[in-house]
Amino acid sequence: MSIEDYGGGQGPQSDVLVVTTNDVPGYRVAQVVGEVFGLTVRSRHLGSQIGAGLKSMIGGELKGLTKTLVETRNQAMERLVAQARARGANGVLMFRFDVTEAADVGTEVCAYGTAVVLVKE
(Lines give C-alpha, C1' and ligand atoms only; values in the text may rest on other atoms or scores of the structure.)
Protein backbone atom coordinates (compact mmCIF):
# COMPACT_ATOMS: atom_id res chain seq x y z
CA MET A 1 0.00 0.00 0.00
CA SER A 2 1.18 3.51 -0.78
CA ILE A 3 1.30 6.56 1.49
CA GLU A 4 -1.98 7.77 -0.05
CA ASP A 5 -3.68 4.76 1.54
CA TYR A 6 -2.77 6.05 5.00
CA GLY A 7 -3.52 9.75 4.66
CA GLY A 8 -6.54 11.94 4.65
CA GLY A 9 -7.67 15.50 4.64
CA GLN A 10 -8.70 17.80 1.88
CA GLY A 11 -7.35 18.34 -1.55
CA PRO A 12 -5.99 21.76 -2.49
CA GLN A 13 -9.11 22.74 -4.47
CA SER A 14 -11.76 22.31 -1.76
CA ASP A 15 -14.37 25.09 -1.54
CA VAL A 16 -14.71 24.59 2.24
CA LEU A 17 -11.53 25.20 4.22
CA VAL A 18 -11.24 22.88 7.24
CA VAL A 19 -8.71 23.76 9.94
CA THR A 20 -8.00 22.65 13.50
CA THR A 21 -7.25 26.22 14.60
CA ASN A 22 -9.58 28.90 16.01
CA ASP A 23 -8.86 31.30 13.16
CA VAL A 24 -7.29 31.46 9.71
CA PRO A 25 -4.50 33.98 9.04
CA GLY A 26 -5.51 36.40 6.29
CA TYR A 27 -9.23 35.79 6.81
CA ARG A 28 -11.85 37.11 9.18
CA VAL A 29 -14.96 35.30 10.34
CA ALA A 30 -17.92 37.18 8.87
CA GLN A 31 -20.54 34.79 10.25
CA VAL A 32 -20.68 31.81 12.57
CA VAL A 33 -23.04 29.26 11.06
CA GLY A 34 -22.80 26.79 13.95
CA GLU A 35 -21.73 23.28 14.80
CA VAL A 36 -21.48 20.76 11.99
CA PHE A 37 -20.55 17.12 12.09
CA GLY A 38 -20.14 14.08 9.89
CA LEU A 39 -20.79 10.67 11.38
CA THR A 40 -20.21 7.12 10.22
CA VAL A 41 -20.15 3.72 11.88
CA ARG A 42 -18.17 0.91 10.32
CA SER A 43 -18.10 -2.74 11.28
CA ARG A 44 -15.12 -4.98 10.73
CA HIS A 45 -15.62 -8.12 8.73
CA LEU A 46 -14.80 -11.46 10.27
CA GLY A 47 -11.66 -11.97 8.17
CA SER A 48 -10.08 -8.72 9.34
CA GLN A 49 -10.96 -9.48 12.97
CA ILE A 50 -9.31 -12.89 12.80
CA GLY A 51 -6.28 -11.43 11.01
CA ALA A 52 -6.01 -8.65 13.57
CA GLY A 53 -6.24 -11.14 16.41
CA LEU A 54 -3.42 -13.24 14.98
CA LYS A 55 -1.29 -10.18 14.22
CA SER A 56 -1.76 -8.83 17.74
CA MET A 57 -0.16 -11.99 19.11
CA ILE A 58 3.09 -11.38 17.25
CA GLY A 59 3.03 -7.58 17.17
CA GLY A 60 3.18 -5.05 14.39
CA GLU A 61 0.84 -2.71 12.58
CA LEU A 62 -2.63 -3.90 11.68
CA LYS A 63 -2.53 -2.48 8.15
CA GLY A 64 -6.02 -3.60 7.17
CA LEU A 65 -7.55 -1.94 10.21
CA THR A 66 -5.41 1.16 9.69
CA LYS A 67 -6.67 1.50 6.13
CA THR A 68 -10.27 0.98 7.26
CA LEU A 69 -9.94 3.68 9.91
CA VAL A 70 -8.44 6.13 7.38
CA GLU A 71 -11.33 5.46 4.98
CA THR A 72 -13.82 5.89 7.82
CA ARG A 73 -12.30 9.21 8.94
CA ASN A 74 -12.25 10.47 5.35
CA GLN A 75 -15.93 9.59 4.94
CA ALA A 76 -16.84 11.37 8.18
CA MET A 77 -14.89 14.44 7.05
CA GLU A 78 -16.59 14.42 3.64
CA ARG A 79 -19.97 14.40 5.40
CA LEU A 80 -18.90 17.29 7.65
CA VAL A 81 -17.83 19.34 4.60
CA ALA A 82 -21.11 18.54 2.81
CA GLN A 83 -23.12 19.70 5.83
CA ALA A 84 -21.09 22.91 6.14
CA ARG A 85 -21.52 23.64 2.43
CA ALA A 86 -25.28 22.95 2.60
CA ARG A 87 -25.60 25.47 5.44
CA GLY A 88 -23.78 28.17 3.45
CA ALA A 89 -20.37 27.97 5.13
CA ASN A 90 -17.03 28.12 3.37
CA GLY A 91 -14.95 27.16 6.40
CA VAL A 92 -14.88 24.88 9.43
CA LEU A 93 -12.85 25.96 12.45
CA MET A 94 -11.71 23.85 15.42
CA PHE A 95 -12.06 20.61 13.43
CA ARG A 96 -11.72 17.41 15.49
CA PHE A 97 -12.39 13.68 15.32
CA ASP A 98 -14.05 11.60 18.00
CA VAL A 99 -13.71 7.82 17.77
CA THR A 100 -15.61 5.31 19.92
CA GLU A 101 -16.58 1.68 19.85
CA ALA A 102 -20.23 1.22 18.89
CA ALA A 103 -21.81 -1.60 20.91
CA ASP A 104 -18.97 -4.04 20.14
CA VAL A 105 -20.05 -4.24 16.49
CA GLY A 106 -18.05 -1.44 14.94
CA THR A 107 -16.30 1.86 15.26
CA GLU A 108 -18.10 5.20 15.31
CA VAL A 109 -16.18 8.14 13.89
CA CYS A 110 -17.52 11.66 14.25
CA ALA A 111 -15.84 14.62 12.57
CA TYR A 112 -16.98 17.93 14.05
CA GLY A 113 -16.24 21.62 14.13
CA THR A 114 -17.72 25.10 13.82
CA ALA A 115 -18.98 26.13 10.39
CA VAL A 116 -18.22 29.72 9.45
CA VAL A 117 -18.25 32.14 6.55
CA LEU A 118 -14.69 33.36 5.98
CA VAL A 119 -13.82 36.58 4.15
CA LYS A 120 -10.32 37.26 2.82
CA GLU A 121 -8.79 40.38 4.37
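Enquirer: What is the right way to look at the packing of aromatic side chains in this model?
Expert: For any pair of aromatic rings, geometry is given as the distance between the ring centres together with the angle between the planes. Per the stated rule, a full pass over the model turns up one aromatic pair. Geometrically, the ring pair formed by F95 and F97 is edge-to-face, given 5.0 Å between the ring centres and 75° between the ring planes. Using a relative accessible area of 9% as the deciding quantity, one classes F95 as buried. Of the residues examined, F97 reaches a relative accessible area of 28% and is grouped as partly exposed. If you follow R73 out to its NZ or CZ, it ends over the ring of F97, 4.6 Å from the centre.

Enquirer: Explain the sheet that holds strand β1 (residues 17–18) here, please?
Expert: Strands in a sheet are paired, the pairing made by backbone hydrogen bonds, and the direction either parallel or antiparallel. Spatial ordering of the open sheet is given by β1-β3-β4-β2, a layout of four strands whose pairing is mixed. The open sheet has two free edges, formed respectively by β1 and β2 (27–42), since each of these has just one partner strand. Of the pairings in the sheet, the one linking strand β3 (residues 91–102) to strand β4 (residues 106–120) comprises ten bridges and is antiparallel in character. Note that in β4 the partner of L93 across the bridge is T114. The sheet contacts of helix α2 (residues 63–86) involve β1, β2, β3 and β4, and relative to β2 the element is tilted by about 140°.

Enquirer: Sorry, what's going on with unusual backbone geometry here?
Expert: Peptide bonds are trans in most cases, and residues, glycine excluded, mostly fall at negative phi. Unusually for a residue other than glycine, M94 sits at a positive phi of about 55°. Turning to its location among the elements, M94 is positioned in strand β3. The class for M94 is partly exposed, based on a relative accessible area of 32%.

Enquirer: Which parts of the structure should I look at to understand the pairing of β3?
Expert: Moving residue by residue along a regular strand, the side chains alternate between the two faces of the sheet. As paired strands, β1 and β3 are joined by two bridges and run parallel to one another. Directly across from L17, in β3, lies its bridge partner G91. Counting the residues in the hairpin turn of β3 and β4 gives three residues, including A103, whose phi is positive at 50°.

Enquirer: Just to check I follow, could you spell out a nonpolar patch on the surface for this structure?
Expert: A cluster of nonpolar side chains, namely F37, L39 and Y112, defines an oily patch on the protein surface of about 250 Å² accessible area. Here Y112 is to be found in strand β4.

Enquirer: How should I be thinking about the nonpolar core in this particular structure?
Expert: One recurring pattern in soluble globular proteins: nonpolar side chains tend to sit buried together. Counting 15 residues, the largest nonpolar core has V18, L80, A84 and V92 as the members making the most contacts within it. Going through the elements one at a time, β2, α2, β3 and β4 are the ones with two or more residues in this core. It is α2 that provides the largest number of residues to this core, a total of five residues. Membership of the second largest hydrophobic core comes to five residues, among which are V19, V24, L93 and L118.

What counts, and at which threshold
Residues numbered from 1 in each chain as written. Predicted model: local features only at pLDDT ≥ 70, side-chain atom pairs only at ≥ 80, totals over all residues. Heavy atoms only, no water. Phe/Tyr/Trp six-rings, centres within 6.5 Å; stacked < 30°, edge-to-face > 60°. Buried < 20%, exposed > 50% of the residue type's maximum accessible area, 1.4 Å probe, protein only. Lys NZ or Arg CZ within 6 Å of the ring centre and 35° of its normal. Pairing = 2+ DSSP bridges. Helix = DSSP H or I, 4+ residues; strand = E, 2+ residues; numbered from the N terminus. Contact = heavy atoms within 4.5 Å. Axes fitted to C-alpha atoms, helices over the stretch in contact; angles between N-to-C directions. Patch = residues over 30% accessible without salt bridge, like charges linked within 9 Å, V, L, I, M, F, W, Y side chains within 5 Å. Areas by Shrake-Rupley, 256 points an atom, 1.4 Å probe, with all protein chains shown as cover. Salt bridge = Lys/Arg side-chain N within 4 Å of Asp/Glu carboxyl O. Core = buried A, V, L, I, M, F, W, Y, C linked by side-chain atoms within 4.5 Å.

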